[in-house]
Amino acid sequence: MTKADLLEAWGQHLTHSRRRSPHTVRAYVASANRLLEARGLEDWPAVARLDARDLRAQLAKRRAEGIGNASATRELSALKAFIAFAREQSGEIDPSAPRVRGPRLKKGLPRPLTPDEATNVAELVKGSAAEDWIGARDRAVLLLLYGSGLRIAEALSLKGRDAPLGEVLQVTGKGNKQRLVPILPICAEAVAAYTAKCPWPLPADEALFRGAKGGPLSQNVVQKAMARARKMLGLPDTATPHALRHSFATHLLGAGVDLRSLQELLGHASLGSTQIYTKVDAATMLENYRDAHPRATRDAKKKKKG
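This is a predicted model, so every value here is computed, not measured. (Residues numbered from 1 in each chain as written. Predicted model: local features only at pLDDT ≥ 70, side-chain atom pairs only at ≥ 80, totals over all residues. Heavy atoms only, no water.)

S.K.: Can you lay out the overall build of the chain for me, pointing to particular residues and giving the numbers?
M.R.: Within the chain one finds 14 helices and two strands. Within the chain, buried positions represent 39% of all 306 residues. A separation threshold of at least 6 residues defines the contact pool for the chain, and within that pool the share at least 24 residues apart is 60%. Element-wise, carbon and sulfur atoms account for 52% of the exposed surface of the chain, whose accessible area totals about 17300 Å². (Helix = DSSP H or I, 4+ residues; strand = E, 2+ residues; numbered from the N terminus. Buried < 20%, exposed > 50% of the residue type's maximum accessible area, 1.4 Å probe, protein only. Contact = heavy atoms within 4.5 Å. Areas by Shrake-Rupley, 256 points an atom, 1.4 Å probe, with all protein chains shown as cover.)

What follows is the structure in C-alpha cells.
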C-alpha cells in the first residue's frame, strides 16, 4: 500500500460514506497528506498508532508555518477524523480519535448586507461580466443565496431538472439532509433569464449552473465575481457569497420569522446554530438606532467631548 492508496481511500470515504462537500474533501485529504509526508507513513496500522502527542507535534508544525487559530482548528478536526478512520481500517477495538483540544476561537457575529447592498451586488455582477449569459448566471446564483438562504454549494448542486423554478425548491444540504426553501419571483425570473441565455445544453441530471467552458460552475468563480463587485461598491471584505445567506437569515428574523421556522429554512441541524442570528439582529438594530436617532447622535457627540 502506498500513500496515494491511503489518500484515495480517505477521499472516497469522505465523499460516499460521510457525504462531505467537495471543498471539505479536498481540505481533509490535504491535511492527511501533510501528516503522512511529515511522518513518512504508508499503511493504516502506522497511522492508527499515532497518538495525542503526534497530533500536537503536527499542529505545532503547522502553526510554525503561519496558520491561524481557525485553520488550526480545521486541521485538527481533519487529522482526528483521519486517524479514527485508520483505526477502523486496522480493526482497532476502539476506533475513536486521540483526545486533543484545539485552540479557542473567538466567535464573531456574521455581518449581513443591507437589502439594497445585496441587490446592488447581484445587479453589478450581471453588468460587469465578460459575457451576457455569464452575468445572468452570476446574478441568478447570488439571488438564490440571498432570496432563499442557500449555501453556495447547495446552489451549485442544482440540476437541469430543477429549472424552471417553482414557488418552492427541494434542496439537499449538509449531511444529505433535504429541506424545502421558498423561491421568490425575482429568483425564478433570474434563473429563467440565465437558462434562456446559456449556450450550453442543460440535461436534467447534470449541473444547472455552468462555467465558461461548459463544465459545472465552481465556487471560486462566484467568489471572485462577488469580490470584484464588493470592491466596486466599496463594501467590506466580509461581503462574501456566504454573507448573502447571513443576510437572508438576519432580515427574516428582523421581519418576525420565528427561530424554528428559520432553522428549517437554513437547514441547521440544531437550533443553537440559528440562535446566533438573534444576536446579529440585535446588533443591527442598535447600529441603526445609533445612526438614525437624533438623541443617540447628540449623546455620542457629548461622549467625544468628555
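S.K.: Explain the nonpolar core to me, using residue names and the numbers behind them.
M.R.: Residues Leu113, Leu142, Leu144, Ile183, Tyr194, Phe209 and Leu244 are the most contacted members of the largest nonpolar core, which totals 42 residues. Listing elements by their share of this core, those giving two or more residues are helix 6 (115–128), helix 7 (132–148), helix 8 (152–156), strand 1 (168–172), helix 9 (185–197), helix 10 (219–233) and helix 11 (241–254). Here the element with the most residues in this core is helix 7; it accounts for 10 residues. Not counting residues within four places of it along the chain, the set of residues in contact with Leu142 comprises Val121, Ala122, Val125, Val222, Met226 and Leu244. Leu14, Ala52, Leu55 and Phe85 belong to the second largest nonpolar core, which has 28 residues in total. (Core = buried A, V, L, I, M, F, W, Y, C linked by side-chain atoms within 4.5 Å.)

S.K.: Explain the pattern of salt bridges to me, and be specific about the residues and the numbers.
M.R.: Evaluation of the coordinates by the stated rule reveals 13 salt bridges. For the salt bridge of Glu65 with Arg62, the shortest nitrogen-to-oxygen distance reads 2.6 Å. A salt bridge links Asp237 to Arg230; the nearest nitrogen and oxygen atoms lie 3.9 Å apart. Overall, the relative accessible area of 16% leaves Arg230 in the buried class. Several salt bridges share partner residues, and in doing so they unite Arg34, Lys61, Arg62, Glu65 and Glu75 into one network. (Salt bridge = Lys/Arg side-chain N within 4 Å of Asp/Glu carboxyl O.)

S.K.: So what's going on with the confidence of the model for the chain? Which residues, and what values?
M.R.: Taken over all residues, the pLDDT of the chain has a mean of 83, while the share at 70 or more is 83%. Ranking the elements of the chain by mean pLDDT puts helix 14 (residues 294–305) last with 48 and helix 9 first with 95. Here residues 296–306 is a poorly scored stretch, pLDDT under 50, and it has four contacts once near neighbours within four places are set aside; other chains count. (pLDDT = per-residue confidence, 0-100.)

S.K.: An account of helix 4 (residues 52–64) is requested, with residue identities and associated values reported.
M.R.: Here helix 4 contains 13 residues, and its C-alpha end-to-end distance of 18 Å stays within 8% of the 18 Å for a straight helix at 1.5 Å per residue. Buried within helix 4 we find Ala52, Asp54, Leu55, Gln58, Leu59 and Arg62. Along the axis of helix 4, the buried positions cluster into a sector of 160°, meaning they face one direction only. For helix 4, the exposed residues set more than 90 degrees away from the buried face come down to Arg53 and Ala64. Elements in contact with the buried residues of helix 4: helix 2 (22–39) and helix 5 (69–89). (Expected span 1.5 Å × (residues − 1). Arc of directions from axis to C-beta.)

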